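In case you want the letters, here they are:
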Amino acid sequence: MNQKDQSIRSMVESAVRATKITDIHTHLYTPAFGGLLLWGVDELLTYHYLVAETMRWVDMPYNDFWAMSKRDQADLIWKTLFIDHSPISELCRGVLTVLDGCGLDVSTRNLKAFRAYFDGMKVEEYVDKVFETANLESVVMTNDPFDDLERPVWMKNPALDARFHAALRVDPLLNSWEDAAPRLKSWGYNVDSGFSGATMGEVRRFLTDWIDRIDALYLAVSLPPTFAMPEDSARARLIEECIIPVCREKGIPFAMMIGVKKLVNPELRLAGDSVGKGSIESAEYLCAKYPQNKFMLTMLSRENMHEMCIAARKFRNLMIFGCWWFLNNPSLIEEITRMRFELLGESMIPQHSDSRVLDQLIYKWVHSRKIIGDVLVDKYTDLAETGWQVSNEEIRRDVADIFGRNFWRFLER
Ligand code: FIX
Ligand code: ZN
């Protein structure tokens, strides 16, 4: 590697390592939400991705697994995926990256010792340690007013840790209107599942109340591969008559997460969801019809990645983000990030962690920083070969943009 290339690599690695990240989509909670915040080695091991991988090796009935204690589940997963077979899947590797990041000696394979480390840890102390180790500025939660455990906490106006921002998640409203309507009514919103009377105004009031209550940075929904706009459906009506006007009035983005086939194997519970190719036309329709609105978009199918980049080239009110869920693997993160830099330059958000367990912030960002950094080195080296010299300040500017500033600027537009 020549001197010029070496200096590019060292500048990029330093910038990528030093830049604090805004993680724009997670399933984490501040400690004020109590047990809703998951952390520690047994939560890491029983994360639904590892459950799915374990159940490929064992023949026990799913319900027998679910009847086990979390510790017994973790023991089974550890034995199956780490001892009986080498932990080379991204999720297993992630557990080891976390343990190593906490200063534990992974070579001992001593789960008892790992547990002792977490048993001695206070959650507030561990939040600080994880944010410092992962070098995070802040995270955005996923906040669901239809969640019976979460809603009561918000109604008590909890004191939030400033590093945790809120996003309003409305899957039940948009994807199960028939079930959501009576719940809204029980909360004092005069709605009717047949959309009569004041229903649309009341749904807008519900959205506004919750955006204000949680100070939502954006409004989000996960959508099936069959999601279509325009469409003669309750979901399409709620999006065009409620979501769009409220988001425009509040100046916040509407984030669509398209491609989830819910519960293809219900016995796996949270691990039972799968993936399908979505329709980019739906996102293009909304971006074109509502130029005053801001849209964020991530899709679950690898086959949607290229058209998602092209759609972003067409609409400056569209911010694409992340290598979501089944795309959050080194080979796909690299492929997708290269595609995005080549088609969009830095005007996108390359990654979010989707962490459900606090500790995952460590591994998801250690792994993604490395991959994104390596792609950036190639891109700057390509420039250097034309004679274009990129400065250290410019590299730090670009990395700050993709690791957080693009998000915050998009919110302020
Ligand atoms: O809908 C979502 O926000 C998905 O990310 C989750 O439902 C999913 O379970 C997940 O955590 C994937 O990483
Ligand atoms: Zn998620």
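Scroll up for the structure.
Residues numbered from 1 in each chain as written. Chains lettered and ligands numbered in written order. Predicted model: local features only at pLDDT ≥ 70, side-chain atom pairs only at ≥ 80, totals over all residues. Heavy atoms only, no water.

Participant: I keep staring at the sheet that holds strand E8 (residues 295-299) and nothing clicks. Help me out?
Facilitator: Strand pairing in a sheet is mediated by backbone hydrogen bonds. Such pairs are either parallel or antiparallel. One open sheet accounts for seven strands, arranged E1-E2-E3-E4-E5-E8-E9; its pairing is parallel. Two strands lie at the open edges of the sheet, namely strand E1 (21-23) and strand E9 (318-320), each paired on one side alone. Direction aside, neighbouring strands of the sheet carry axes that sit 25 degrees apart on average. Across two bridges, the pairing between strand E2 (residues 136-140) and strand E3 (residues 164-169) is parallel. Residue Val139 lies in a different strand from E3, and its bridge partner there is Phe164. Sitting on the sheet, helix H12 (residues 199-214) touches E3 and strand E4 (216-223), and the angle it makes with E3 is about 170 degrees. Its contacts with the sheet put helix H14 (residues 280-289) on strand E5 (254-258), E8 and E9, and the angle it makes with E8 is roughly 175 degrees. (Pairing = 2+ DSSP bridges. Helix = DSSP H or I, 4+ residues; strand = E, 2+ residues; numbered from the N terminus. Axes fitted to C-alpha atoms, helices over the stretch in contact; angles between N-to-C directions. Contact = heavy atoms within 4.5 Å.)

Participant: Would you take a moment to explain unusual backbone geometry for this structure?
Facilitator: Glycine aside, the phi torsion of most residues is negative, and most peptide linkages are trans. The amide bond that connects Met229 to the next residue, Pro230, takes the cis arrangement and shows omega of -10 degrees. Topologically, Pro230 is positioned in the loop between E4 and helix H13 (234-250). Located in the positive-phi region is Phe195, a residue other than glycine, with phi close to 65 degrees. Residue placement: Phe195 occurs in the loop between helix H11 (177-186) and H12. Phe195 sits in the buried class, given a relative accessible area of 14%. Of note, Asp215 is a non-glycine position whose phi angle comes to about 55 degrees, a positive value. Structurally, the position occupied by Asp215 is in the loop between H12 and E4. Classification of Asp215 as exposed rests on a relative accessible area of 59%. (Buried < 20%, exposed > 50% of the residue type's maximum accessible area, 1.4 Å probe, protein only.)

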